[in-house]
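Coordinate inspection notes
Below, each chain spelled out in residue letters.
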Amino acid sequence: MNMTQTDIFDALNDAKSDPAAMLDRMVQHLRDSRQPMELFEALKMRTRHQLGLALLPSADDPPRADDVERQLETGLLDACRETGTMLISEGKVGEGWMYLRPTGDIELSKRLIADVAIDDDNYDEMIQVLLHEGVDIGRGYQAILDRQGTCNSITIFEQSISQRGKSDQRLAAACLLDHLYNELLESIRGDILRREAPASDDESLIDLIESRPWLLGEGGYHIDTTHLQSTVRIASVLQQPEQWTKAWELTQYGKRLNHQLQYPGDEPFVDFYPAYATFYSILLGNDVDPGLKQFERKARSVDALQNGTGAVETYVDLLDRVGRHTEAVSAAIELMPDEVPPQRVVPLLIEIAGREQSDKGEQALAEIAAYCRRHGDVLGWAAAAHASA
């Protein structure tokens with residue numbers, strides 16, 4: 001039962017001869033009355049009392065022993081966790097995250113915020129925490145797609161999410177791929193309905209365009225073609241076969257567009273849709289060797305100093321993703337220009353070598369160590385030697 005203001009002061013006064021009991025009563029009162037900011041300060045005070053410190057810190061506090069400092073930090077983090085939880089449970093996501101952030105407990109934050117609906121009033125706050133603070137990239141990016149549309153979502157991916165790790169990129173890329181694929185499918189079905197009997201529900205995108213060539217006749221299209229191209233490129237980070245299938249189907253749609261609506265990409269994807277069609281086919285296990293040969297030719301022929309190392313990186317990535325890890329390491333070492341610092345290359349190569357089995361893995365690590373020795377990379381050599389040991 002919540003106390004009135006008079007009741008709590010009377011209760012605290014009754015317990016003042018026992019400071020620990022008095023502080024416990026104060027903490028419980030602030031919990032019961034849902035006063036998170038005050039609760040945080042009360043928990044801090046109780047922790048300081050338990051450690052034999054003055055309740056309120058001052059500039060003249062003497063140095064503390066390391067074990068006391070650690071216990072104080074633990075108590076403060078517990079206070080942050082309880083206060084942040086209370087604030088988020090009341091819908092105050094931004095304030096709650098400020099308290100939870102120091103705990104580093106992303107999973108707790110994600111679970112708590114999952115119960116808070118995104119609406120007009122909290123949209124900006126939710127996007128800041130979910131997306132830009134990295135608490136729930138998938139949900140935050142989906143909210144942007146739902147409210148701001150494809151164009152703004154692609155811009156945000158390019159400006160912000162592309163700078164994050166691959167796992168975060170995949171969460172957003174999956175949302176974008178599903179969104180654009182479904183948007184295109186709906187638009188095509190609507191076009192068919194206007195011209196003939198409705199398409200069957202079980203027809204996929206590739207079924208629809210292969211059986212109705214007139215859909216893309218005379219320069220027709222059903223979606224913003226720059227959005228289509230961006231989505232095909234962004235989806236390359238994804239890892240699931242069903243995602244690769246969708247992306248491949250998008251390339252088949254793109255290949256049927258009027259040539260004026262097909263824009264060149266960067267190497268090795270200058271011939272954009274055919275090159276990405278081969279890329280996704282390789283991942284799906286179709287025509288793997290001929291496809292890899294195509295990307296190997298690009299990796300060997302494209303001037304990396306003029307056009308960047310994208311052709312080499314793509315070839316190495318494909319070899320790795322189809323399970324040819326030792327070949328991937330060897331290709332990177334052979335084809336990466338000497339001007340590229342080994343520090344940019346070696347961490348990835350050690351990661352790839354770690355996916356290889358037994359003797360092949362040792363062979364790859366030995367090759368990496370030799371590469372580091374030739375380039376004078378002591379740190380890389382040590383990392384390779386450590387991984388081998």
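Refer to the structure printed above.
These numbers were taken from a predicted model, which means no experiment stands behind them.

1. Description of the side chain of Asn 122
Looking at where Asn 122 falls in the secondary structure, it is placed in the loop between helix H6 (106-113) and helix H7 (123-132). Relative accessible area serves as the criterion here: at 9%, Asn 122 is assigned to the buried category. Those residues in contact with Asn 122, other than ones at most four positions away along the chain, are Val 116 and Ala 117.

2. Topic: helix H18 (residues 342-353)
Between the first and last C-alpha of H18 there are 16 Å, a value that for twelve residues agrees with the 16 Å anticipated at 1.5 Å per step. If you check which residues of H18 are buried, you get Pro 342, Val 345, Val 346, Leu 349, Ile 350, Ile 352 and Ala 353. The buried side chains of H18 occupy one side of the element, clustering within an arc of 155° when seen end-on. Opposite the buried face of H18, by more than 90 degrees, sit the exposed residues Gln 343, Arg 344 and Pro 347. Buried residues belonging to H18 abut helix H16 (310-321), helix H17 (325-335), helix H19 (358-374) and helix H20 (378-388).

3. With respect to the pattern of salt bridges
Applying the stated rule across the entire model yields 24 salt bridges. Between Arg 195 and Asp 191 there is a salt bridge; the shortest N-O distance is 2.9 Å. Of this pair, Arg 195 and Asp 191 both sit in helix H9 (residues 166-195), four residues apart, which is roughly one turn of the helix. Residue classification places Asp 191 among the buried positions, given a relative accessible area of 7%. With a shortest N-O distance of 2.6 Å, Asp 320 and Arg 355 are connected by a salt bridge. Residue Asp 320 is found in helix H16, and its partner Arg 355 is found in the loop between H18 and H19; the two are separated by 35 residues along the sequence. Among the residues examined, Asp 320 registers a relative accessible area of 10% and is labelled buried. By sharing partners, the salt bridges in this structure join Lys 293, Glu 296, Arg 300 and Glu 334 into a single network.

The rules behind each value
- Residues numbered from 1 in each chain as written.
- Predicted model: local features only at pLDDT ≥ 70, side-chain atom pairs only at ≥ 80, totals over all residues.
- Heavy atoms only, no water.
- Helix = DSSP H or I, 4+ residues; strand = E, 2+ residues; numbered from the N terminus.
- Buried < 20%, exposed > 50% of the residue type's maximum accessible area, 1.4 Å probe, protein only.
- Contact = heavy atoms within 4.5 Å.
- Expected span 1.5 Å × (residues − 1).
- Arc of directions from axis to C-beta.
- Salt bridge = Lys/Arg side-chain N within 4 Å of Asp/Glu carboxyl O.

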